Amino acid sequence: MIERIRAELNNPADLFYDTLDNGYMQMEVIYFPSLCDLALIKNGLTVPYSYCFNPEEFDRMLNSNPAFGKADHSEHWTSLLLKGTVLFQIEEQVYRFDVQRKFQDKPDTVQVEVAIQGPQSALTEDLDLNISLVRMRYNAPSLCVETHTIGQISNTRVSVLYDKDLVNEDVLGLLNERISTIQIKILQAAGQLMQSLSGRRHRFFPIILQTERPDRIAAMLERGKIALLQDGSRFGLVLPVRLFDFLHAMDDDYESYWMSKCLVLLRYFAMLLTITLPALYIAIVSYNPEVLRVQLTLSIAGSRVVVPYPSFIEVFIMLFMIEALNEASLRLPRYVGSTATTVGGLILGQAIQQAGLVSSIMIIVTSVVAISNFVIPNNGFGYSVRFVKYIFVIAAIFFGLLGVVVLGFILISYWCSLRSFGQPYLAFYIPKLEAKAHHNNLRKGSK
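Note that the coordinates shown come from a computational prediction; the quantities given were computed from them, not determined experimentally. Here the residue numbers are simple positions, counted from 1 along each chain's written sequence. Residues qualify for local features only when their pLDDT is at least 70, as the model is predicted, and side-chain atom pairs are given and counted only at 80 or more; totals for whole chains, interfaces and linings, by contrast, use all residues. Side-chain metrics rest on all non-hydrogen atoms present in the structure, leaving aside hydrogens and water.

**Description of the sheet that holds strand 4 (residues 85–90)**
- Strands were regarded as paired on the criterion that DSSP finds at least two bridges between them. Working definition: helices are DSSP H or I runs of at least four residues, strands are E runs of at least two. Numbering for both runs from the N terminus. Taken in spatial order, the five strands line up as 1-2-4-5-3 in an open sheet, and their pairing is antiparallel. Of all the strands in the sheet, just strand 1 (16–21) and strand 3 (68–70) have a single pairing partner and so form its edges. With direction set aside, neighbouring strand axes in the sheet form an average angle of 25°.
- Sheet topology note: the strand 4/strand 5 (residues 93–98) ladder contains six bridges and is antiparallel. If you follow Val 86 over to strand 5, its bridge partner there is Phe 97.
- Those strands touched by helix 2 (residues 38–50) are strand 1, strand 2 (26–31), strand 3, strand 4 and strand 5, and its axis lies near 170° from that of strand 2. Axis lines are fitted through C-alpha atoms, for helices just across the contact stretch, and the angle between N-to-C directions can take any value from 0 to 180 degrees. We call two residues in contact whenever any of their non-hydrogen atoms come within 4.5 Å of each other.

Structural data, given as structure tokens:
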């Protein structure tokens, strides 16, 4: 066994193998120490073997422990070793011992989707721990967990979680169909899985919600949605989703009713400002100054007296600075990133305004757009909003205010036509319980 496995793995240096003898029987053992829990190997295998002088007693130990099992299929030996399994052979019989090392034994702290109230625990990179975090919050016997293996090289475990009594069977069937057609060699992050499941790659807006919060997953499961958890990724996926799910924060469930509704309205208004404000500035300054009051129009014109180029050049300069600062804040080390970008933004903004390259009104517009984009609670949806605002800017350059209004109707029509696993993207309300009952009635009628 050892020689065959070494040949298949090209004799790696980190592979441990040995032949043990306790005076009554011999045992060949082989495993990767970096992938296995050495304490479990010592306490569960080597110590009982060294003190076991009766082969029948050792066989009873193997049969009574569910972590042990027979490995009769030799073509699976290498894959078992690469997953953190110990293989050992006694009297021509090969056994396996599941002792995969767990690098995390407690939840992470929320880092991306911060909430003032509610739980502060987040998902980890350990799939089994993530499932336990969800089950702790959604402790229902109807919760189903299905496991798939994706990745020709990585062989990554992906678990599908849903409530059997609330899930939409059509959505579940479509999801299983797409999972079966995924062709990827190495699956490392939830973003890769999200791209593979989304179908068409050239969508402007995400149709799958990415989250790190187990309480959000539990809330989505209660609404009849499906969650996907991936081994090696601290983010889970939720589907199907609507546009309103991306603007919902978990604090909305923990705050008072009117306070949460006001915060939701604030996010929608911030999204509207992010998309349209730079385009409206170009349209009003260059094409439609009569929209504003005379005093405000004269104030804007006075601030742009020293600016030597059209308004759209001014907008592109400031938007480029904002995007560069955002990217720099992500790439710089955590302890200096926020300070460097804040100081850099203040110095550049003041210097570029004093040099007459942009107007003071444009500085205000850029600041409002940047702050409004940060209000959006979902990072992936925020990227989409940041991209769409450039399309509005281009429309305003050529068509003015009319182009902004027409493109706004086109955007709403696009949202109406978009589907998340067959479900409408812009639906205001989907009664899950009534839809489930109607679906069951149809199934009973067909029988």
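**Focus: the packing of helix 13 (residues 311–331) against helix 15 (residues 360–375)**
- Look at helix 13 against helix 15: their axes get within 10 Å of each other, and the N-to-C directions meet at 40°. Put simply, helix 13 runs oblique to helix 15. Handedness of the crossing formed by helix 13 with helix 15: right-handed. Between helix 13, through Glu 314, Val 315, Met 318, Ile 322 and Asn 326, and helix 15, the contact on the second element is made entirely by Met 362, Ile 363, Thr 366, Ala 370 and Phe 374. Each angle gets one of four labels, with under 35 degrees taken as roughly parallel, over 145 as roughly antiparallel, 65 to 115 as roughly perpendicular, and the rest as oblique. By convention, the crossing between two helices is left-handed when the near helix turns anticlockwise from the far helix through less than a right angle, and right-handed when the turn is clockwise.

**A few points about the environment of Asn 65**
- Here Asn 65 is to be found in the loop between helix 3 (55–64) and strand 3.
- A sequence separation of 32 residues divides Asn 65 from Phe 97, and the C-alpha atoms of the two residues are 9.6 Å apart.
- We call two N or O atoms a polar contact when they sit within 3.5 Å, provided that within protein one can donate a hydrogen and the other can accept it, with sequence-adjacent residues counted only if both atoms are side-chain atoms. Within polar-contact distance, the side chain of Asn 65 engages the backbone nitrogen of Ala 67 at 3.0 Å.

**Thoughts on the sheet that holds strand 12 (residues 236–239)**
- The five strands lie next to each other as 8-9-11-12-10, forming an open sheet whose pairing is antiparallel. Bordering the open sheet on either side are strand 8 (143–150) and strand 10 (209–211), each of which pairs with just one other strand. With direction set aside, neighbouring strand axes in the sheet form an average angle of 25°.
- Pairing geometry for strand 8 and strand 9 (residues 156–163), over eight bridges, is antiparallel. Following the sheet pairing, Val 145 is matched in strand 9 by Leu 161.
- Each of strand 8, strand 9, strand 10, strand 11 (226–230) and strand 12 is contacted by helix 7 (residues 190–197), which is oriented at about 135° to strand 11, the strand it contacts most.

**Some words on the confidence of the model for the protein**
- pLDDT expresses how confident the predictor is about each individual residue, on a scale running from 0 to 100. On average, residues of the protein score 83 in pLDDT, and 91% of them reach the 70 mark or higher.
- The least confident element of the protein is helix 17 (residues 432–446), whose mean pLDDT is 45; the most confident is strand 11, at 93.
- Low pLDDT, under 50, characterises residues 437–447; the stretch is placed with two contacts to residues that sit more than four places away or in other chains.

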